[in-house]
Each structure stands twice: as structure tokens, then as C-alpha cells.
Amino acid sequence: MALAGEGVARPFLKWAGGKSQLLAQLAAHYPPGLAAGEIERYVEPFLGGGAVFLEIAQHYPVRSALLSDANPELVLVYRVVQQDVEGLIERLERLAHAYLEAGEPERQALYYRIRARYNEQRRSVDFSRYSAAWVERAALMLFLNKTCYNGLFRVNRQGAFNVPFGRYKQPTICDATNLRAVARLLQRAKLQVAPYTACEAEVDDRTFVYFDPPYRPISPTSSFTAYSCDKFDDADQEALAAFFARLHDRTGAKLMLSNSDPANVDPDDDFFTRLYSRFHIHRVWANRMINTQADKRGKISELLITNYG
């Protein structure tokens with residue numbers, strides 16, 4: 001748990017589908033044994049912005065965490081925060097100073113230069129072995145995340161980051177206090193690039209697993225699964241549901257999963273109802289934050305599936 005004076009750790013990345021706004025609703029559905037100290041390990045196989053991990057690490061007595069994601073760029077940034085937060089802050093502050101001191105034309109030019117550098121670097125990055133080069137890459141990624149359009153992380157089929165410039169007047173590019181607070185919590189976490197199925201070996205009956213996969217689109221224009229160059233289609237959703245059921249049957253772990261609610265568009269779409277018919281299906285309410293049309297942004301329901309009451 002966080003100590004007095006350390007500051008509250010919040011997600012340091014803007015991330016599609018981030019759970020910060022839903023934390024109070026999610027907490028109402030955490031397993032009862034979490035607060036009682038009966039759960040020793042927290043596992044999150046689709047890490048994303050990490051809001052749920054940060055909440056649980058600060059307010060519940062879990063001893064360790066396994067955090068993983070299939071996106072190597074994302075895990076790289078988390079590992080740099082974990083292992084060299086001061087080096088990251090130093091580089092990020094230099095980028096922030098250059099950006100904030102410039103006028104808008106110069107800011108835009110700087111953004112596209114850094115984006116090009118970030119994409120060119122990708123060819124030479126060894127994602128399997130931590131190195132000093134990771135610190136520079138993490139700083140570039142965080143800079144782009146804070147200054148790009150809508151705070152998206154999106155890549156094309158070749159894995160190149162392709163989000164355009166965002167016109168923010170005073171973006172917080174480097175929140176050093178928060179980065180240090182996150183780094184302290186990450187000291188008890190194991191971070192890895194891996195498919196979600198890789199977590200099975202570390203799950204037992206004293207584990208809480210939270211799945212937050214790329215959401216199934218609820219309309220032809222609502223899809224946002226391109227945070228990596230791999231798709232996540234209905235077949236992948238079905239495979240995830242089968243894995244959820246296998247963990248339930250074999251490990252006795254407490255499981256929770258988020259996904260989109262088809263009923264927002266089609267009340268007759270029973271895709272998830274069929275997949276998770278053995279389990280408890282709840283609904284929570286979220287603000288739709290990523291939509292090209294401002295009048296289409298508002299509160300929608302999302303599904304929350306648990307293997308406990």
C-alpha cells in the first residue's frame with residue numbers, strides 16, 4: 001500500500017479503453033477475499049493503461065503481481081519506469097522543455113520529427129533484452145502519447161505509430177511525481193511480453209485475474225483494437241472465453257473480465273451471453289471517449305463478467 005507522502009499513483013499513459021473512470025464500479029465487483037488478504041497475487045494479462053493494477057496495489061494487500069501484454073512497446077515503457085524512472089524523467093523533461101517553449105508550427109514539426117525517429121528506431125530495438133536504449137525509446141513513446149491526437153496509441157500493419165499531431169496548449173508531458181509513485185508500485189510486479197494464455201502457470205486459488213482485452217466492436221465505426229498490429233476478432237474473443245472457463249475449472253482463481261455490451265446497439269446480440277453463460281454478467285457505465293463524432297460520445301454500458309457472485 002502507498003505510504004503517507006508518497007503520492008497517489010495514477011496511469012501515466014493515455015490508453016484506449018482505460019479504466020480510470022470505472023474504478024469505483026469495478027471495485028464493487030472485486031472478489032470478497034481481496035480486501036480480506038486472502039488473495040496474494042494479482043494478474044493482468046492485457047495491461048494497457050494499468051489503472052486497475054495501480055488501484056489494487058495501493059489499496060489492497062496483494063503481495064505480488066504479474067502484468068503482461070502482447071504489445072512489446074507498452075511493456076518496454078513499463079519496464080523502464082520500473083527499472084530507471086530517474087533516467088526516463090531526465091529525458092522526458094528535456095523533450096517537454098523543447099516542446100512547451102516552441103510555438104505551434106515548431107511544436108508540430110518537432111512532433112513529426114520525433115514520430116519519425118520513434119518509427120525508425122523500431123528496426124534496431126531488441127525487445128527481449130533491457131538496455132539503455134530502452135530509456136530513450138520510452139521517453140519518445142511517452143512524449144508522443146501526450147502530444148498526439150486524442151492520446152491514442154495506434155500502429156499500422158507494419159507496426160509503425162501513425163497518429164497525427166494533437167493541438168494541446170499545455171500538455172503534461174512529464175509528471176515526475178506520478179512516474180516515481182508508479183515505479184514504487186511496479187517493484188512488486190513481474191512484467192512480460194506474452195499472450196494472455198502465458199499467465200496460466202502462475203495462477204492458483206489465491207490469485208485474482210482481471211482480463212481487459214481489446215473490446216469487440218459494437219458498430220462498424222467503433223472498432224479500436226489497433227494498439228498492436230495484430231487483430232482481435234470474434235474467434236479470438238471465443239478463445240479467450242474458453243481460456244477463462246479453463247482457468248475457472250482448473251485453478252480456483254477469482255476471475256473478472258471486461259468487454260463491450262452489444263445491447264447498446266442490438267438488444268438481440270447475445271454473443272457474450274452465450275460465451276459466458278456459466279458465469280455472472282454485470283453491467284457498468286462508461287463515457288465513450290473515442291469517437292470521431294462529438295455528438296456520439298456519451299454514457300454506454302459495458303459488460304463485467306466474473307466467476308464469483
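First, a word on what this report is: a plain description of the structure on this page. (Residues numbered from 1 in each chain as written. Predicted model: local features only at pLDDT ≥ 70, side-chain atom pairs only at ≥ 80, totals over all residues. Heavy atoms only, no water.)

## Structural notes on the overall build of the protein
Inclusion rule: Helix and strand assignments come from DSSP, with helices taken as H or I runs of at least 4 residues and strands as E runs of at least 2, each series counted from the N terminus. It is over C-alpha atoms that the radius of gyration is taken, and the globule rule equals 2.2 Å times the number of residues to the power 0.38. A 1.4 Å probe rolled over the protein chains alone gives each residue an accessible area, and that area as a share of the maximum for its type sets the label: buried under 20%, exposed over 50%, partly exposed in between. The contact definition used throughout considers only heavy atoms, calling two residues in contact when any of these lie within 4.5 Å. For accessible areas, the Shrake-Rupley method is used with a probe of radius 1.4 Å. Any residue's cover is judged against the shown protein chains and nothing else. Charged residues are defined here as Lys and Arg on the positive side and Asp and Glu on the negative side; His and the ends of the chain fall outside this count. In plain terms, the charge of a residue is placed at NZ if it is Lys, CZ if Arg, CG if Asp and CD if Glu.
In terms of regular secondary structure, the protein is built from nine helices and seven strands. In terms of C-alpha radius of gyration, the protein reaches 19 Å, essentially the compact-globule figure of 19 Å for 309 residues. Projected onto its principal axes, the C-alpha coordinates of the protein cover approximately 55 × 45 × 35 Å. Here the protein holds 309 residues, and the buried ones make up 49% of them. Look at the contacts in the protein between residues 6 or more apart in sequence, and 75% of them connect residues 24 or more apart. Counting only carbon and sulfur atoms, one obtains 49% of the accessible surface of the protein, whose full area is about 14500 Å². Measuring between centres, the 38 positive side-chain charges of the protein sit 4 Å from its 36 negative side-chain charges.

## With respect to the environment of glycine 309
Along the polypeptide, glycine 309 turns up in the segment after strand E7 (299-306). C-alpha separation for the pair glycine 309 and aspartate 212, spaced 97 residues apart in sequence, amounts to 19 Å.

## Quick look at the sheet that holds strand E4 (residues 207-211)
Our working rule: In short, DSSP must find at least two bridges between two strands for them to pair. To obtain an axis, a line is fitted to C-alpha atoms, over the contacting stretch when the element is a helix, and the angle between two such axes runs from 0 to 180 degrees between their N-to-C directions.
Taken in spatial order, the seven strands make up an open sheet running E3-E2-E1-E4-E5-E7-E6, and their pairing is mixed. Single-partner strands in this sheet number two, and they are strand E3 (189-193) and strand E6 (280-287). This sheet shows a mean twist of 20° between the axes of neighbouring strands, independent of strand direction. The sheet contact formed by E6 and E7 spans eight bridges and is antiparallel. If you follow tryptophan 285 over to E7, its bridge partner there is serine 301. Against the sheet, helix H2 (residues 51-59) engages strand E1 (41-44), strand E2 (64-69), E3 and E4, with an angle of about 170° to E1.

## Regarding helix H8 (residues 234-251)
Going by this rule: Here the expected length of a helix is defined as 1.5 Å per residue gap, with one fewer gap than residues.
An ideal rise of 1.5 Å per residue puts 26 Å on 18 residues; H8 measures up with 25 Å between its terminal C-alpha atoms. In the core, the buried residues of H8 are packed alongside E4, strand E5 (254-260), helix H9 (271-275) and E7.

## Describing the environment of tyrosine 276
Positionally, tyrosine 276 belongs in the loop between H9 and E6. Looking at tyrosine 276, the relative accessible area reads 1%, which means it is buried. Taking the C-alpha atoms as reference points, tyrosine 276 and leucine 67, 209 residues apart in sequence, are found 24 Å from one another. Setting aside residues no more than four positions away along its own chain, tyrosine 276 makes contact with Gln237, Leu240, Ala241, Phe244, Leu257, Ile281 and Ile305.

## What about unusual backbone geometry?
Positive phi, close to 60°, is recorded for asparagine 150, a residue that is not glycine. Along the chain, the position of asparagine 150 falls in the loop between helix H6 (132-147) and helix H7 (176-186). Under the relative-accessibility criterion, asparagine 150 is labelled partly exposed at 29%.

## Let's talk about the pairing of E5
Judged by how many residues are buried, E5 sits mostly within the fold: six of seven residues are covered. The pairing of E4 with E5 spans four bridges and is parallel. When the sheet's bridge partners are listed, tyrosine 210 is paired in E5 with methionine 256. Here E5 pairs with E7 via five bridges, running antiparallel. Along E7, the bridge assignment pairs serine 260 with glutamate 302.

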